[in-house]
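Overview (structure and organization)
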Amino acid sequence: MRTISRVEQEVNQIRLNIYKKTKDMTSAQLTEYYKRNTEATIQKYGFKLVASAKDS
């Protein structure tokens, strides 16, 4: 039997929390949720947002 590491437990908890917040959302609401929550990360790390890999 495999022991789950502390990091893996934390990631699983984060996934569960996101699922609980989003499980009753429509696809449009879910898209808006992810867009809103990724904007800060995009700016913080200077990522370039593209519509597809062909645009990069």
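Going by the structure above, here's the rest.
Attention here is on the structure that accompanies the text. It should be emphasised that the depicted structure is a prediction, and the values quoted were computed from it without experimental measurement.

Bringing the side chain of Thr22 into the picture now. In this fold, Thr22 is placed in helix H1 (residues 6-22). Given a relative accessible area of 10%, Thr22 falls into the buried group. Apart from the residues lying within four places of it in its own chain, the contact partners of Thr22 are Leu30 and Tyr33.

Quick look at the packing of aromatic side chains now. Taken as a whole, this structure holds two aromatic pairs when the rule is applied. For the ring pair Tyr33 and Tyr34, a centre distance of 5.2 Å and an interplane angle of 75 degrees mean the geometry is edge-to-face. Both rings, one in Tyr45 and one in Phe47, keep their centres 5.9 Å apart while their planes meet at 25 degrees; by these two values the pair is stacked. Among the residues examined, Tyr45 registers a relative accessible area of 52% and is labelled exposed.

Scanning the entire structure with this criterion turns up two salt bridges. Residue Glu8 pairs with Arg2 through a salt bridge whose shortest N-O separation is 3.1 Å. When the shortest N-O distance is used, the salt bridge between Arg6 and Glu10 registers 3.8 Å. With Arg6 and Glu10 both in helix H1, this residue pair falls four residues apart, about one helical turn. Residue Arg6 is classed as exposed on the basis of its relative accessible area, which comes to 61%. A relative accessible area of 45% places Glu10 in the partly exposed class.

What counts, and at which threshold
- Residues numbered from 1 in each chain as written.
- Predicted model: local features only at pLDDT ≥ 70, side-chain atom pairs only at ≥ 80, totals over all residues.
- Heavy atoms only, no water.
- Helix = DSSP H or I, 4+ residues; strand = E, 2+ residues; numbered from the N terminus.
- Buried < 20%, exposed > 50% of the residue type's maximum accessible area, 1.4 Å probe, protein only.
- Contact = heavy atoms within 4.5 Å.
- Phe/Tyr/Trp six-rings, centres within 6.5 Å; stacked < 30°, edge-to-face > 60°.
- Salt bridge = Lys/Arg side-chain N within 4 Å of Asp/Glu carboxyl O.

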